[in-house]
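An overview of the molecular structure
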Amino acid sequence: MFKKILLGFVDQPLFTSLFVADFALLVFHRPPFLFSILMIGALVGMSMYMGQKLAIFDK
């Protein structure tokens, strides 16, 4: 499972860098409230996209 997730991120370097940068900004910095709401929305959207793309539990 972890190998499939890792390979999914390696296959899309631009998406991975956006995801990591967005997550790091939210964790290590305190952006303004409205901007942080937009960033959380982007993280949720990226997570849902990767969940559909990888289909980890698909049999």
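This text goes with the structure placed above it.
Our subject in this report is the structure included herewith. (Residues numbered from 1 in each chain as written. Predicted model: local features only at pLDDT ≥ 70, side-chain atom pairs only at ≥ 80, totals over all residues. Heavy atoms only, no water.)

Things to note about the overall build of the protein
What the protein contains, in helices and strands, is three helices and zero strands. Tracing the protein from N to C terminus, the helices and strands come up as α-α-α. Relative to its 59 residues, the protein shows a buried fraction of 19%. Here the analysis covers contacts within the protein between residues at least 6 apart in sequence; of these, 60% occur between residues at least 24 apart. Carbon and sulfur atoms make up 75% of the accessible area of the protein, which totals about 4900 Å². (Helix = DSSP H or I, 4+ residues; strand = E, 2+ residues; numbered from the N terminus. Buried < 20%, exposed > 50% of the residue type's maximum accessible area, 1.4 Å probe, protein only. Contact = heavy atoms within 4.5 Å. Areas by Shrake-Rupley, 256 points an atom, 1.4 Å probe, with all protein chains shown as cover.)

Some remarks on the nonpolar core
Grouped together as the largest cluster of nonpolar side chains are five residues: Phe15, Leu43, Met46, Met50 and Leu54. By residue number, the principal contributor to this core is helix 3 (residues 33–54), which donates four residues. Leave out the neighbours within four places in its chain, and leucine 43 touches Phe19, Asp22, Phe23 and Leu26. (Core = buried A, V, L, I, M, F, W, Y, C linked by side-chain atoms within 4.5 Å.)

Some points on the side chain of aspartate 22
Note on placement: aspartate 22 falls in helix 2 (residues 13–28). Although aspartate 22 is buried, it forms no salt bridge, and the closest oppositely charged side chain is arginine 30 at an N-O distance of 14 Å. Ignoring any residue separated from it by four or fewer positions in sequence, one finds aspartate 22 in contact with Met39, Ala42, Leu43 and Met46. (Lys, Arg positive; Asp, Glu negative; His and termini not counted. Salt bridge = Lys/Arg side-chain N within 4 Å of Asp/Glu carboxyl O.)

Concerning the packing of helix 1 (residues 2–11) against helix 2
Close contact between helix 1 and helix 2 brings their axes to 5 Å; oriented N to C, the two are set at 105°. Considering their axes alone, helix 1 and helix 2 lie roughly perpendicular with respect to each other. Taking contact as the criterion, the partners of Phe9, Val10 and Asp11 in helix 1 are, on helix 2, Pro13, Phe15, Thr16 and Phe19. Of the residues contributing to the contact of helix 1 with helix 2, the split by class is five nonpolar, one polar and one charged. (Axes fitted to C-alpha atoms, helices over the stretch in contact; angles between N-to-C directions. Parallel < 35°, antiparallel > 145°, perpendicular 65-115°, else oblique. Nonpolar A, V, L, I, M, F, W, Y, C, P; charged D, E, K, R; others polar.)

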